[in-house]
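Geometric and topological summary
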Amino acid sequence: MTRLSVNVNKVAVLRNSRGGSEPCVLRAADTAVAAGAEGITVHPRPDLRHIRPDDVLALAGRHPVELNIEGNPFAPASARYPGFMDLVERCRPAQVTLVPDSDAQITSDHGWRLDEHAEQLSGVIERCHRLGARVSLFMDIESDDWPLARQLGADRVELYTGPYASACRQGRQDLALDQLRAAVDGALAVGLAVNAGHDLDLANLPGLLRRAPEIAEVSIGHALIADALYLGLAPTVRRYLECIAQSRAQPG
């Protein structure tokens, strides 16, 4: 069964826009877990635009479900940011998702070019493994670097589903689903498990999971928190879990 990890970054965005402590990231995570979420995802950035280091540290060990910390392992430390790998060392999450983002990006919008970063990533992956963390690499669906990802020591890849979501909005999702299916097959063939994330929502999630039921985990934040504004957070989490379950019952 595909697992749902709830990304709580957008809760922090709302809090930071006003200052203070509300809405509370920890309370939102507690509510999501109580409603059945199987993981919590955070993506700290050096500019502290949403999740802050103190949030990440407070979430470490708080819940019995998986904590997934995602971000750029090469993001340097600053006066307010200890560095991505420092947070990983201190929190020891169940999963680390390595993403090639930069401060200039509003959100993650592409995967790794592994041949450009192979040596550096190999060392980072080994370091994460020593901490007991599973490692996932954020990858484009057009990539053919699955053997190299496995060679570098990755346990999983997270497929960047932004283009798929965009194709769905334009009514031309068939090609994107073919590409996603090929990417899943390529990753599975070399022994990698597959996660997926970015712009997934209640409308496009069923089609993805019907076509690729092997996906181990989806990480959803923006759409889920937007839905929660209308439906409430706990009912929204339950609705996404129902969507996943129904998709598995109706294979494509």
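The sections below set out a description of the structure shown in this document. Each chain has its residues counted from 1, running along the sequence as written. Under the rules for a predicted model, residues below a pLDDT of 70 receive no local features and side-chain atom pairs below 80 are neither given nor counted, while totals for whole chains, interfaces and linings still include all residues. Side-chain measures here rest on the full set of heavy atoms in the structure, leaving out hydrogens and waters.

Examining the environment of A249
Counting from the N terminus, the helices are DSSP H or I runs at least four residues long and the strands are E runs at least two residues long. Here A249 shows up in helix α11 (residues 233-249). Spatially, the C-alpha atoms of A249 and P213 are 9.8 Å apart, while their sequence positions differ by 36 residues.

Notes on the pattern of salt bridges
Salt bridges, as used here, are contacts in which a Lys or Arg side-chain nitrogen is within 4 Å of a carboxyl oxygen on Asp or Glu. Under the definition given, this model contains 14 salt bridges. Put simply, R45 and D101 hold a salt bridge, and the shortest N to O gap is 3.5 Å. With R45 in the loop between β2 (39-42) and α3 (53-59) and D101 in the loop between β4 (95-98) and α5 (114-130), this residue pair connects regions lying 56 residues apart in the sequence. Grouping residues by exposure puts R45 and D101 together as buried. Between buried and exposed lies partly exposed: a residue is buried under 20% and exposed over 50% of the maximum accessible area for its type, with that area taken using a 1.4 Å probe on protein chains only.

Description of unusual backbone geometry
It is generally the case that most residues other than glycine have a negative phi and that most peptide bonds are trans. The omega torsion across E22 and P23 is -5°, close enough to zero to call that bond cis. Note on placement: P23 falls in the loop between α1 (9-18) and α2 (25-34). In this model, H198 sits at a positive phi of 120°, which is unusual for a non-glycine residue. For H198, the position within the fold is in the loop between β7 (193-197) and α9 (205-211).

Examining the sheet that holds strand β5 (residues 134-139)
DSSP-based pairing: two strands are paired if at least 2 bridges between them are found. Pairing is parallel in the closed barrel, where 8 strands are placed in the order β1-β2-β3-β4-β5-β6-β7-β8. Between one strand and the next, the sheet's axes are offset by a mean angle of 25°, whatever the strand orientation. In this sheet, β5 lies alongside β4 in parallel orientation, the contact comprising 4 bridges. By the bridge assignment for β5, L98 is matched with L137. Helix axes use the C-alpha atoms of the stretch in contact, all axes being lines fitted to C-alpha atoms, and the angles between their N-to-C directions lie in the range 0 to 180 degrees.

These figures capture arrangement, not role.
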